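Spelled out, the chains give:
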Amino acid sequence: MTTELPRLNRDVAPDRRAPVRIVHLGLGAFHRSHQAWFTQHAGDAGEWGIASFTGRRPDAAEVLAAQDGLFTVVERSDSGDTFEVVGSIVEAVDGANVDRLVELVAAPQTAVVTLTITEAAYGFAADDVTLLRAGEKPTTPLGRLVLGLAARRDSDAGSLAVVSCDNLSDNGNVARRAVADLARGVDAGLADWIDTSVSFVSTSVDRITPRTTPEDVALVSERCRYRDAAPVVAEPFRNWVLSGDFPAGRPRWEDAGAVFVDHIEPYENRKLWLLNGAHSILAYAGQLRGHTTVAEALADPVCLQAVEEFWDEASRHLDGDGLGIPEYRAALLDRFGNSRIAHHLAQIATDASTKLRMRAIPVLRAEREAGRSGEAAARMIAVWASFVGANPGLQDPQSDAVAEANNLAGGERIASLLALLDAELALEPAIVKLVEDLSAGFERAEVPARATASGTAA
Ligand code: CS2
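Residues numbered from 1 in each chain as written. Predicted model: local features only at pLDDT ≥ 70, side-chain atom pairs only at ≥ 80, totals over all residues.

Can you break down the nonpolar core residue by residue, with the values?
Formed by 134 residues in total, the largest nonpolar core has its most connected members in Val146, Ile281, Leu282, Phe310, Ile381, Trp384 and Val435. The residues contacting Phe310, other than those within four sequence positions of it, are Gly277, Ala278, Ile281, Ala376, Ala377 and Met380. (Core = buried A, V, L, I, M, F, W, Y, C linked by C-beta atoms within 7 Å. Buried ≥ 20, exposed ≤ 12 C-beta atoms within 10 Å, placed from the backbone. Contact = placed C-beta atoms within 7 Å.)

Can you lay out the sheet that holds strand S3 (residues 71–77) for me, pointing to particular residues and giving the numbers?
On the basis of which strands lie adjacent, the open sheet formed by three strands has the order S4-S3-S9 and mixed pairing. At either margin of the open sheet sits one strand with a lone partner, and together these are strand S4 (80–86) and strand S9 (232–234). Strand after strand, the sheet turns through a mean of 25 degrees between neighbouring axes, direction not considered. Bridge count for S3 against S9 is three bridges, and the pairing is parallel. Bridge pairing links Val73 to Val232 in S9. Most of the contacts of helix H9 (residues 214–224) go to S3, to which it runs at about 100 degrees, and overall it touches S3, S4 and S9. (Pairing = 2+ DSSP bridges. Helix = DSSP H or I, 4+ residues; strand = E, 2+ residues; numbered from the N terminus. Axes fitted to C-alpha atoms, helices over the stretch in contact; angles between N-to-C directions.)

Now, about the domain arrangement of the chain: what can you tell me, with residues and values included?
Taken domain by domain, the chain comprises domain 1 (20–260) and domain 2 (265–443). If you average the C-alpha positions of domain 1 and of domain 2, the two centres end up 28 Å apart. Listed per partner, the contact involves 17 residues of domain 1 and 20 residues of domain 2. Of all the secondary-structure elements, those providing two or more residues to the side of domain 1 that touches domain 2 are S3 and strand S8 (198–206). Broken down by class, the residue content of the side of domain 1 that touches domain 2 amounts to six nonpolar, five polar and six charged. (Domains from an automatic or database assignment. Nonpolar A, V, L, I, M, F, W, Y, C, P; charged D, E, K, R; others polar.)

Give me the lowdown on helix H20 (residues 429–440), citing residues and values where you can.
With 12 residues, H20 extends 17 Å from end C-alpha to end C-alpha; this agrees with the ideal 16 Å at 1.5 Å per step. Every buried residue of H20 is listed here: Ile431, Val432, Leu434, Val435, Leu438 and Ser439. For H20, the buried positions fall inside an angular range of 160 degrees around the axis, keeping them on one side. Those residues of H20 that are exposed and aimed more than 90 degrees away from the buried face are Pro429, Ala430 and Ala440. Packed against the buried residues of H20 are helix H17 (375–390) and helix H19 (410–421). (Expected span 1.5 Å × (residues − 1). Arc of directions from axis to C-beta.)

Describe the site of the ligand, listing the residues and the values that go with them.
Taken together, Asn167, Asp206, Arg207, Ile208, Asn276, His279, Gln347, Ile348 and Lys355 form the complete shell of residues around the ligand. Elements with a contribution of two residues or more to the shell around the ligand: helix H10 (265–288) and helix H14 (345–349). Its residues assigned to classes, the shell around the ligand comprises two nonpolar, four polar and three charged. For the shell around the ligand, the domains that each give at least three residues are domain 1 (20–260) and domain 2 (265–443). (Near = placed C-beta within 6 Å.)

Give me the lowdown on the sheet that holds strand S11 (residues 259–260), citing residues and values where you can.
Taken together, the eight strands give an open sheet; going across it, the order is S5-S2-S1-S6-S7-S8-S10-S11, and neighbouring strands pair in mixed fashion. Each end of this open sheet is capped by a strand with a single partner; those strands are strand S5 (89–93) and S11. Strand direction decides the pairing type here: strand S2 (residues 49–53) and S5, joined by four bridges, are parallel. Of the residues in S5, the one forming a bridge with Ala51 is Glu91.

Quick one: what's the story with the pairing of strand S1 (residues 20–25), residue by residue and with numbers?
Burial analysis of S1 places five of its six residues in the buried class, which makes it a mostly covered element. Pairing of S1 with S2 involves five bridges; the strand directions are parallel. Residue Val23 lies in a different strand from S2, and its bridge partner there is Ala51. Relative to strand S6 (residues 112–115), S1 runs parallel, the two sharing four bridges. For His24, the partnering residue across the bridge sits in S6 and is Thr114.

I'd like to hear about the packing of helix H5 (residues 126–133) against helix H7 (residues 171–186), residue by residue, with values.
Axis separation between H5 and H7 bottoms out at 9 Å; the angle between their running directions is 40 degrees. Taken as axis vectors, H5 and H7 run oblique relative to one another. In the packing of H5 onto H7, the handedness of the crossing is right-handed. Packed against H5, whose contacting residues are Asp128, Val129, Leu132 and Arg133, the element H7 presents Leu182, Gly185 and Val186 at the interface. (Parallel < 35°, antiparallel > 145°, perpendicular 65-115°, else oblique. Left-handed = near helix turned anticlockwise from the far one by under 90°.)

Would you mind going over the environment of Ala230 in detail, with residue names and values included?
You can see Ala230 is positioned in the loop between H9 and S9. Overall, the presence of 23 C-beta atoms within 10 Å leaves Ala230 in the buried class. When the C-alpha atoms of Ala230 and Glu103 are compared, they prove to be 27 Å apart, with 127 residues separating the residues in sequence. With residues near it in sequence (within four places) discarded, Ala230 still touches Ala60, Val63, Leu64 and Phe71.

Can you lay out unusual backbone geometry for me, pointing to particular residues and giving the numbers?
A positive phi angle, near 55 degrees, is found at Asp170, a position not held by glycine. Position of Asp170 relative to the elements: it lies in the loop between strand S7 (160–164) and H7. Positive phi, normally seen in glycine, also occurs at Asp351, with a value near 55 degrees. What makes Asp351 partly exposed here is the crowd of 17 C-beta atoms within 10 Å.

Put into structure tokens, the structure is as follows:
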């Protein structure tokens, strides 16, 4: 039946096609439910089109290009679904098409480059320096961006803003350093030009966006009466806090609820520690205890307690005005408890060695500096250690080092894993012992998790 329905495109859902003024790297579900959604809802949306380049999933460009960049956002709350076509992506391109990226970054009308390239992609890629020096095309998103910036300088197209939307503290400066390191390895003059002409904006981004399922695709056909091969499902909540300059302009994202602040750190930490930190605890502790989704794990009192204890520790170090920590925590319990959003723990569990560095380590360090043990933060590391011991194939940018650590035993194994997050802390026997002791509690996967899963709802 669904094959008779028309494919979603700009005939089915006529939408203005705004000129490309934003280039995005990392065309995934989160980019579409977040930055593309905010751009669609800016008061001046008609002036701001996005050309979005794929990262890990090149096929995403083909699917989206076949529907003129259009896709459906399914906003899923406890009470039901609403459907909206988003048309702000006017060009969907395979990330390997470096020529098109360079052309667009160098175009004078391009004012903003946004990034969702994952936490792991900000590391130094020496190979890209070699390729850039040899005049060949780099393979990483930041390497490709540097090539685009070089072309922008050469064509005198002026300043622009690079906006990191990845879950990293101080993500604007992390992006600045990563880009500068690559550029300096190639051409000192380019590094200087970037320093004076490119503004790196820091942001805190938030919208829970689980992976789209075949059932979601079928639901959109049934309810919207068109075929959309690439809908995204997201929670109703969304948040975007930004800090930095936009020398060549930007969409009026504030019309869509984005907030511009001078000091972003408290907002970043609130989100990275309370939301993402809790996610990581649930991902490992929850799966060890037999759960599959965030909502299921949260309904298990053992997991909920680990989260609440971590929130208590982290909250002591969140002291910005107006952060509203009690309300934020209460809202998180509601958001995580939205059982219609099937947010899979396995999706969150990946890339631990970069994620826990942002989510557990700062709280552990702050607690130790305050003379306390940091037990709840150490538990996040402990449940990862247990989980990765039982699931050695877990995707991670440092998977070789994780595998090597797994060949060791006891405290040595814990110290080697901890060293991937924080080399200094790994040298402290008391911390290694604490993490080791805490991992013991979660090691047994045969805990009767399902029996407790319908217990306390958040
Ligand atoms: C999650 C995030 O996968 C993960 O690591 O913690 O993707 C989280 O869902 C988003 O940051 C929510 O805004």
